[in-house]
Amino acid sequence: MAVKREIKEKSEVQVKEPKLFKVFLLNDDYTTMDFVVEILCDIFHKSYEEAIEIMLIVHKNGKGLCGIYTYEIAETKIDEVHRRAKVNEFPLRAVMEEI
Ligand code: TYC
C-alpha cells in the first residue's frame, strides 16, 4: 500500500506569533547617568542621542522603555544589564512587561 503523505497548503499552516515584552530601565539615586547611557548604547543598540533621551526619561519619570523583544531576548538583555551593573557596583535594575 502506498504511503500517503499529507501536505498542507501554505494558507492552512498555523503561524503562532510569539508574545512580546517591553523592557524598561528603572531609576535609582546611585547609578551614574553616563553608565545608563553606556548600557543603552551597548545592550539596547541605541544611538548616543537616543540613549541620552531615554536615560533622562527614566531619571524624570522613574522608568523608560528600552525596547520590545520576545521573552528570551528580553530576559537575556535584563540579565546583561544586571550583570554589568553588579560588576560596576551600581543598583541599576531592568524589568519586562508582557504586551
Ligand atoms: N537618577 C540617576 C542619577 O541622578 C540617573 C539614572 C538614570 C539612574 C536612569 C538609573 O535607569 C536610570 N544619577
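Everything that follows concerns the structure shown earlier in this document.
Scope of this entry: the structure provided in the associated data block. (Residues numbered from 1 in each chain as written. Predicted model: local features only at pLDDT ≥ 70, side-chain atom pairs only at ≥ 80, totals over all residues. Heavy atoms only, no water.)

Another point: the pattern of salt bridges. Scanning the model with the defined rule gives 4 salt bridges in all. Between E38 and R84 there is a salt bridge whose closest N-O contact spans 3.4 Å. Here R84 lies in helix α3 (residues 71-87) and E38 lies in helix α1 (residues 33-42), a separation of 46 residues in the sequence. Residue classification places R84 among the buried residues on the basis of a relative accessible area of 17%. K63 is the salt-bridge partner of E97, the closest N and O atoms lying 2.7 Å from each other. With E97 in strand β3 (residues 94-98) and K63 in strand β2 (residues 63-70), this pair connects stretches of sequence that are 34 residues apart. Residue classification places K63 among the partly exposed positions, given a relative accessible area of 34%. One network of salt bridges, with partners in common, ties together E38, D42 and R84. (Salt bridge = Lys/Arg side-chain N within 4 Å of Asp/Glu carboxyl O. Helix = DSSP H or I, 4+ residues; strand = E, 2+ residues; numbered from the N terminus. Buried < 20%, exposed > 50% of the residue type's maximum accessible area, 1.4 Å probe, protein only.)

The end-to-end C-alpha distance of helix α2 (residues 48-61) is 20 Å, a good match for the 20 Å that 14 residues give at a rise of 1.5 Å each. Listed as buried for α2 are A51, I54, M55 and V58. Axial view of α2: buried residues confined to an arc of 100°, hence all on one face. Exposed side of α2, more than 90 degrees from the buried face: E49, E53, K60 and N61 are the residues found there. Where α2 is buried, its residues touch β1 (20-26), α1 and β2. Of the residues trailing α2, G62 is marked for its positive phi of about 100°. (Expected span 1.5 Å × (residues − 1). Arc of directions from axis to C-beta. Contact = heavy atoms within 4.5 Å.)

Keep in mind these numbers describe shape, not what the thing actually does.
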